[in-house]
Amino acid sequence: MNGEVLIGIDLGGTNCRAALVSLTGEILVLNKVPTKMHEGRDFFLARLFRLCDDLIQFAAREGLRVSALGMGAAGVISPTGTVTVSPNLAPLNGFPLAAAIQDQFSLPTTIANDANAIAWGEGILGAGRIFSSFLTITLGTGVGGGLILDKKLWKGTDGSAGEIGHFVVEPEGRECRCGSRGCLEQYASATGIVRTALECLERGEDSVLAGLEPEDITSLKVSEAARGGDAVALKSFRETGERLGQVLASVANLLNLDGVVITGGPAESLDLIRPWMEKEIKARAFDIPFRRMKIVRGELGEEAGILGSARLAHDELVAGKKRVDLGPAEN
Ligand SMILES: [Zn+2]
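Residues numbered from 1 in each chain as written. Predicted model: local features only at pLDDT ≥ 70, side-chain atom pairs only at ≥ 80, totals over all residues. Heavy atoms only, no water.

### As for the domain arrangement of the protein chain
The accessible area lost on association of the parts is a frequent measure of interface size. Rules: How far each domain reaches was decided by an automatic or database domain assignment. We define buried area as the total accessible area lost by two parts upon association, computed with a 1.4 Å probe and summed across both. The salt bridge criterion pairs a side-chain nitrogen of Lys or Arg with a carboxyl oxygen of Asp or Glu, the two atoms within 4 Å. Residues adjacent in sequence count toward polar contacts only when both atoms are side-chain atoms; beyond that, a polar contact is any pair of N or O atoms within 3.5 Å, and within protein one must be able to donate a hydrogen and the other to accept it. A run of H or I in DSSP counts as a helix once it spans at least four residues, and a run of E counts as a strand once it spans at least two, with each numbered from the N terminus. Ten residues, namely Ala, Val, Leu, Ile, Met, Phe, Trp, Tyr, Cys and Pro, are considered nonpolar, four, namely Asp, Glu, Lys and Arg, are considered charged, and the remaining ones, Gly among them, are considered polar.
Here the protein chain is partitioned into domain 1 (4-119 + 308-318) and domain 2 (131-299). For domain 1 versus domain 2, the separation of C-alpha centres amounts to 28 Å. When domain 1 packs against domain 2, the two sides together hide about 1000 Å² of surface, and 56% of this comes from carbon and sulfur. The largest per-residue losses of area from domain 1 upon contact with domain 2 belong to Pro-79, Asn-116 and Ala-119, which jointly make up 46% of the total buried on that side. Inspection of the region where domain 1 meets domain 2 yields one salt bridge. Linking domain 1 with domain 2 are one residue pair in polar contact (both at pLDDT 80 or more), by the criterion used here. Counting residues per element, the ones that place at least two in the side of domain 1 that touches domain 2 are strand 5 (76-77), strand 7 (109-113), helix 3 (114-125) and helix 10 (304-318). Of all the elements, helix 3 adds the most residues to the side of domain 1 that touches domain 2, at four residues. Looking at the side of domain 1 that touches domain 2, its residues break down into seven nonpolar, four polar and one charged.

Have a look at this one:
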């Protein structure tokens, strides 16, 4: 290590996790505090600043210098690091968070949408290294997306690009939290997988899952049942695979990507999803982009957001030697 380290932060609705990260993606120390956004912005900022300060002090004691700070957060994040709109972090809406952190610590700071940070991490340190242009799909409570085109992160003009989870796969389908209906994430997320299984159970279909309380059924339980040959569980993964494949066929035709990296809990069951997904893509996409687009599982695991945001800060703010003018910290 050359003495330079980064801070990577994963800001979620429940926890705010921050780590000191080497340039090669090694986590040196990881701390977390509850986000507790309901207590308001100032209390949150005080917790966040203490979390960062502890890491900076730790680095100093080890003879290391923190060169940049990166954060991934759910929602639309402007190119200058203002939280434009984030349902889980509502007290921060409209707040120039990157500028506030940068002012507090005199540290170059960048904030990206969490799925974008994961895409960058996979692209530099993980499964996306082999691709120039690829899409990362994160299957969790929702479905997130991050697009790397020619080795550059495509955030969109306002920072809202990559929302693959809200591609419509069923115009009159399940209601989505975005206000639309039949979005991909209602079928392909961990939540969607469980919902498909619950709908089968409600119709009286036979399944080992019927022995569980509905609130105890998780996507992991569904995948375990599927591995035991359970018809309902297998149907849930078939649904997930087909819906993903329908969307990815259009993605292949539109963007002619090298690949797709699938991450998040349900990605552990990619083998159950893949046959259905590839069948749909093959049936619907043009042959040339279908054959080009390799689909692989993410490699960075649960810390992808921390590693990706740290590395994004380095690559945007240190390697390019440019410091983004974030404007004043107060709005
Ligand atoms: Zn939606």
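### Structural notes on helix 3
Applicable threshold: In this scheme, a helix's expected span is set at 1.5 Å multiplied by one less than its residue total. Buried means the residue's accessible area, taken with a 1.4 Å probe over protein chains only, is under 20% of the maximum for its type, while exposed means over 50%, and partly exposed covers the values in between.
Between its terminal C-alpha atoms helix 3 stretches 16 Å, which fits the 16 Å expected from twelve residues at 1.5 Å a residue. Along helix 3, ten of the twelve residues are buried, which leaves the element largely enclosed by surrounding structure. Within helix 3, the full set of buried residues consists of Ala-115, Asn-116, Ala-117, Ile-118, Ala-119, Trp-120, Gly-121, Glu-122, Gly-123 and Leu-125. N-cap assignment for helix 3: the residue whose side-chain oxygen lies 2.9 Å from the backbone N of Ala-115 is Asn-113.

### What to know about the environment of Ile-77
Counted only if it meets this: Contacts are residue-level and defined by heavy atoms, with any inter-residue pair within 4.5 Å sufficient.
Mapped onto the elements of the fold, Ile-77 is located in strand 5. C-alpha of Ile-77 to C-alpha of Leu-97: the two residues are 20 residues apart in sequence and 9.6 Å apart in space. Apart from the residues lying within four places of it in its own chain, the contact partners of Ile-77 are Thr-82, Val-83, Thr-84, Ile-111, Ala-112, Asn-113, Asp-158 and Gly-159.

### What to know about helix 6 (residues 219-227)
Rule in force here: Think of the arc as the fan of directions from the helix axis to the C-beta atoms.
Along helix 6, the residues that are buried comprise Ser-219, Val-222, Ser-223, Ala-225 and Ala-226. Seen end-on, helix 6 carries its buried residues on one side only, within an arc spanning 160°. Tucked inside the fold, the buried residues of helix 6 contact helix 5 (190-202), helix 7 (231-255) and helix 8 (270-284). Directly beyond the C-terminal end of helix 6, a positive phi value near 90° is found at Gly-229.

### Some points on the sheet that holds strand 4 (residues 65-73)
Note: strands within a sheet are paired through backbone hydrogen bonds, in either parallel or antiparallel orientation. Formally: For two strands to pair, DSSP has to find at least two bridges joining them. Axis definition: a line fit to C-alpha positions, over the contact stretch in the case of helices; interaxial angles, taken between N-to-C directions, run 0 to 180 degrees.
One open sheet accounts for five strands, arranged 3-2-1-4-7; its pairing is mixed. Edge positions in the sheet fall to strand 3 (27-34) and strand 7, since each has one partner strand and no second. Neighbour to neighbour, the strand axes of the sheet diverge by 20° on average, direction disregarded. Two strands pair when backbone bridges link them, and strand 2 (residues 15-22) and strand 3 are joined in this way by seven bridges, in the antiparallel orientation. Bridged to Arg-17 within strand 3 is Lys-32. Its contacts with the sheet put helix 3 on strand 4 and strand 7, and the angle it makes with strand 7 is roughly 105°.

### Points about the sheet that holds strand 9 (residues 143-149)
One open sheet accounts for five strands, arranged 10-9-8-11-12; its pairing is mixed. Of all the strands in the sheet, the pair left with one neighbour each is strand 10 (152-153) and strand 12 (294-297). When strand 8 (residues 134-139) meets strand 9, the two strands line up antiparallel, connected through six bridges. Among the inter-strand pairings, Leu-139 is bridged to a residue of strand 9, identified as Val-143. Each of strand 8, strand 11 (259-263) and strand 12 is contacted by helix 8, which is oriented at about 165° to strand 12, the strand it contacts most.

### A closer look at the packing of helix 6 against helix 7
Think of two packed helices as two axes; the pair is described by the angle between the axes and how far apart they sit. Defined as follows: Just so you know how the angles are binned, under 35 degrees is roughly parallel, over 145 roughly antiparallel, 65 to 115 roughly perpendicular, and the rest oblique. In a left-handed crossing the near helix is turned counterclockwise from the far helix by less than a right angle, and in a right-handed crossing that turn is clockwise.
It is at 7 Å that the axes of helix 6 and helix 7 come closest, and there the two elements cross at 115°. By the criterion of interaxial angle, the relationship of helix 6 to helix 7 is roughly perpendicular. The chirality of how helix 6 crosses helix 7 is left-handed. When helix 6 is examined against helix 7, the residues Ser-219, Val-222, Ser-223, Ala-225 and Ala-226 are found in contact with a partner set consisting of Ala-233, Leu-234, Ser-236 and Phe-237. Per-class residue counts for the contact of helix 6 with helix 7 are six nonpolar, three polar and no charged.

### Notes on the pattern of salt bridges
For the structure shown, the criterion picks out 19 salt bridges. The closest approach of N and O atoms between Arg-17 and Asp-10, which form a salt bridge, is 3.2 Å. For Asp-10, a relative accessible area of 22% puts it in the partly exposed group. When salt bridges with common partners are traced through the structure, they connect Asp-10, Arg-17 and Glu-303 into a single cluster.

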